[in-house]
Amino acid sequence: MANDVKNLNKRVIPFSPPDISELEIAEVAEALRSGWITTGPRTKELERRLAEYCHTSKVVCLNSATAAEELNFRVCGIGEGDEVIVPAYTYTASASAAIHTGARVVFVDSQSDNTEMDYESVAAVITEKTKAVVAVDLGGIICDYDKLYAAVESKKSLFKAKEGDDLGARIQQAKGRILVFADCAHALGASRNGKMAGEIADFTDFSFHAVKNFTTAEGGASTWLDIPGVDNEEIYHQYQLLSLHGQSKDALAKTQVGAWEYDIIGPWYKCNMTDIMAAIGLKQLDRYEGMLKRRGQIINRYDAMCDEMGIKHLIHSGANFQSSNHLYLTRIPGASDETRREIIVKLAERGVNTNVHYKPLPMMTAYRALGWDIKEFPNAYSYYENLITLPLHTCLTDEDVDYVIENYREVVREYMK
Ligand SMILES: *Cc1c(COP(=O)(O)O)cnc(C)c1O
């Protein structure tokens, strides 16, 4: 009988569906009817509004965070012969974007019991070849950039800026130290010490992939801090060239009377944002503050549950920071990898779809093939081993949240006896 009742009430809670309202749908329809569907006025408007939101001078919208991170490296002249430091504990894109440029990735372990990189390890692996370090604002929580900048400053004497007078060389020379990149794929809207994600690292990338807080289906953006002596318009133009075939005129400029001729100044990439994607983004941005707030309410419920059960979880807000409330990571005390897998299956059988953020990169075939071994990253492994990420999104009703909490409590308690 009890079982029958349970089945009657069974819900299916998806892990992270996109929250698309009639507003986005209407704006996409308008973009489609407007006669301009690729990069154009809506993309430029989204760039302007995102820059305003992040308190930066310029934003470039692209087709993914991976492309945005890669172009950040390329604009800064980072590539073959260079080394880029990346946390072992992240998604592959944080590392693969550097690899695409020809740079060598150097992984560092996490701090104990934390998703953040160990900043002493960062300083320890810096060599004369190191050009950049990528911080990942995991779950939407901004890292301790004061410590990261201090680690980079402590090895300033090793830094060798690129020679020459191309844009990348001039950026490296102006900074005079290893560049700090932020992978803010999760962190649009997060803040720390009064600064928004985007105005902390030298260069930042955001993701608008379908599972992220803010979506354009696929999409991403770059932004950066003003660099004394380097014109933001020149930097912006370089992103346009890199993302549109190295073509000297974009499609919009070619619509001017008689303006057919263009040059190709580099055999570059194709990763621009379309106005259809930007249409989704414009309406997501209108709704974003409300979406962040709703995520915060769900986090408060999960926090209360975890604190009562003695479950460790990410802390999304404090006196000097507010995350973008992107991911809810929980860690089952004492659980092994095997136990954690069992719990995930049991929750899934009850319709609660969970996830794991992340299986550390040195465990993945591609990075093992490059010579990395998880044994060198014990903190990353122990963080991963007992981790379960709960569904956290704005399509969850209060009843859905009740259902997740009730089932998590019942299933996990069995393993905590
Ligand atoms: C999703 C994600 C990315 C990649 O974003 P795309 O827009 O899919 O390229 C990069 N880094 C992290 C940490 C992510 O979660």
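Note that this is a predicted model, so its numbers are computed, not measured.

S.K.: What exactly am I supposed to notice about the overall build of the chain here?
M.R.: Of regular secondary structure, the chain possesses 14 helices and 14 strands. Taken over the C-alpha trace, the chain has a radius of gyration of 22 Å; the compact-globule value for 417 residues is 22 Å, and the two agree within 12%. Expressed as lengths along the three principal axes of its C-alpha atoms, the size of the chain is roughly 80 × 55 × 40 Å. Here the chain holds 417 residues, and 56% of them are scored as buried. Restricting to contacts in the chain with at least 6 residues of sequence separation, those with at least 24 account for 73%. Summing over all exposed atoms, the chain offers an accessible surface of approximately 17900 Å²; the carbon and sulfur share of this is 52%. Separation between the mean location of the 45 positive side-chain charges and that of the 59 negative ones in the chain comes to 2 Å.

S.K.: Explanation requested: empty space enclosed by the protein in the structure shown.
M.R.: Take a probe with the size of a water molecule and roll it over the atoms, and the empty space left behind shows itself. Under the criterion given, the structure shown has four cavities of 30 Å³ or more. Roughly 70 Å³ of volume is contained in the largest cavity. Residue lining of the largest cavity: 14 residues in total, with P17, P18, D19, K212 and N213 positioned closest to the centre. When the residues that make up the lining of the largest cavity are grouped by side-chain class, the tally is five nonpolar, six polar and three charged.

S.K.: Any chance you could explain the pairing of strand β5 (residues 179-184) here in plain terms?
M.R.: It is a general feature of regular strands that their side chains alternate between the two faces of the sheet. Judged by how many residues are buried, β5 sits mostly within the fold: six of six residues are covered. Of the two faces of β5, the one carrying L179, F181 and D183 and the one carrying V180, A182 and C184 are both buried. Strand direction decides the pairing type here: β5 and strand β8 (residues 203-207), joined by four bridges, are parallel. Its bridge partner lying in β8, C184 is registered against F206.

S.K.: Honestly, the sheet that holds strand β12 (residues 321-322) in this entry has me stumped. Any pointers?
M.R.: Sheets are built from strands paired through backbone hydrogen bonds, the pairs being either parallel or antiparallel. Read across the sheet, four strands follow the order β7-β6-β12-β11 without closing on themselves; strand pairing throughout is antiparallel. Both edges of this open sheet fall to β7 (195-196) and β11 (317-318), since each of them pairs with a single strand only. Where strand β6 (residues 191-192) lies against β12, two bridges are found, and the strand directions are antiparallel. Paired with S191 across the bridge in β12 is Q322.

S.K.: Explain the confidence of the model for the chain to me, please; I cannot follow it from the model alone.
M.R.: If pLDDT is low for a region, its predicted coordinates should not be looked at in detail. For the chain, per-residue confidence averages 96 on the pLDDT scale, and 98% of positions sit at 70 or higher. For the chain, per-element mean pLDDT is lowest for helix α1 (residues 2-8), which scores 51, and highest for β8, which scores 99. Note that residues 1-5 has pLDDT below 50 and, in this model, zero contacts with residues that lie over four places away or in other chains.

S.K.: In this structure, what is going on with the UniProt feature "active site" (unreviewed entry) in the chain? I would like to understand it.
M.R.: Within this numbering scheme, the UniProt entry marks K212 as carrying the feature "active site" (unreviewed entry). Relative to the assigned elements, K212 resides in the loop between β8 and β9 (220-224). Not counting residues within four places of it along the chain, the set of residues in contact with K212 comprises A185, H186, S207 and H326.

S.K.: Looking at this structure, I do not really get the nonpolar core. What am I missing?
M.R.: Most often, soluble globular proteins keep nonpolar side chains buried together rather than apart. Ranked by size, the top nonpolar core spans 52 residues in total, and within it F107 and I171 carry the most contacts. Leave out the neighbours within four places in its chain, and I171 touches V75, C76, L179, F203, I227, V230 and I235. Grouped together as the second largest cluster of nonpolar side chains are 47 residues, V122, A123, M273 and M291 included.

S.K.: What should I look at first to understand the packing of aromatic side chains in this one?
M.R.: Evaluation of the coordinates by the stated rule reveals 15 aromatic pairs. With 5.2 Å between their ring centres and 15° between their planes, W224 and Y239 make a pair best called stacked. With a gap of 15 residues between them, W224 in strand β9 and Y239 in helix α9 (residues 232-243) connect regions that are remote in the sequence. Of the two residues, W224 and Y239, neither departs from the other in class, the shared state being buried. Chaining the aromatic ring pairs together yields one cluster made of F73, F181, F203, W224 and Y239. One Lys or Arg, K58, reaches over the ring of Y236 and ends 4.5 Å from the middle of that ring. A cation over an aromatic ring shows up here: R340 above the ring of Y384, its NZ or CZ 4.5 Å from the ring centre.

Thresholds, definitions, all that
- Residues numbered from 1 in each chain as written.
- Predicted model: local features only at pLDDT ≥ 70, side-chain atom pairs only at ≥ 80, totals over all residues.
- Heavy atoms only, no water.
- Helix = DSSP H or I, 4+ residues; strand = E, 2+ residues; numbered from the N terminus.
- Rg over C-alpha atoms; globule rule 2.2 N^0.38 Å.
- Buried < 20%, exposed > 50% of the residue type's maximum accessible area, 1.4 Å probe, protein only.
- Contact = heavy atoms within 4.5 Å.
- Areas by Shrake-Rupley, 256 points an atom, 1.4 Å probe, with all protein chains shown as cover.
- Lys, Arg positive; Asp, Glu negative; His and termini not counted.
- Charge placed at Lys NZ, Arg CZ, Asp CG, Glu CD.
- 1 Å grid on protein atoms, 1.4 Å probe; cavity = no way out; pocket = protein on both sides within 12 Å on 5 of 7 lines; lining within 4 Å.
- Points joined across faces, edges and corners; volume = space filled by probe spheres on them.
- Nonpolar A, V, L, I, M, F, W, Y, C, P; charged D, E, K, R; others polar.
- Pairing = 2+ DSSP bridges.
- pLDDT = per-residue confidence, 0-100.
- UniProt positions renumbered as here; feature names shortened; annotations may be inferred.
- Core = buried A, V, L, I, M, F, W, Y, C linked by side-chain atoms within 4.5 Å.
- Phe/Tyr/Trp six-rings, centres within 6.5 Å; stacked < 30°, edge-to-face > 60°.
- Lys NZ or Arg CZ within 6 Å of the ring centre and 35° of its normal.

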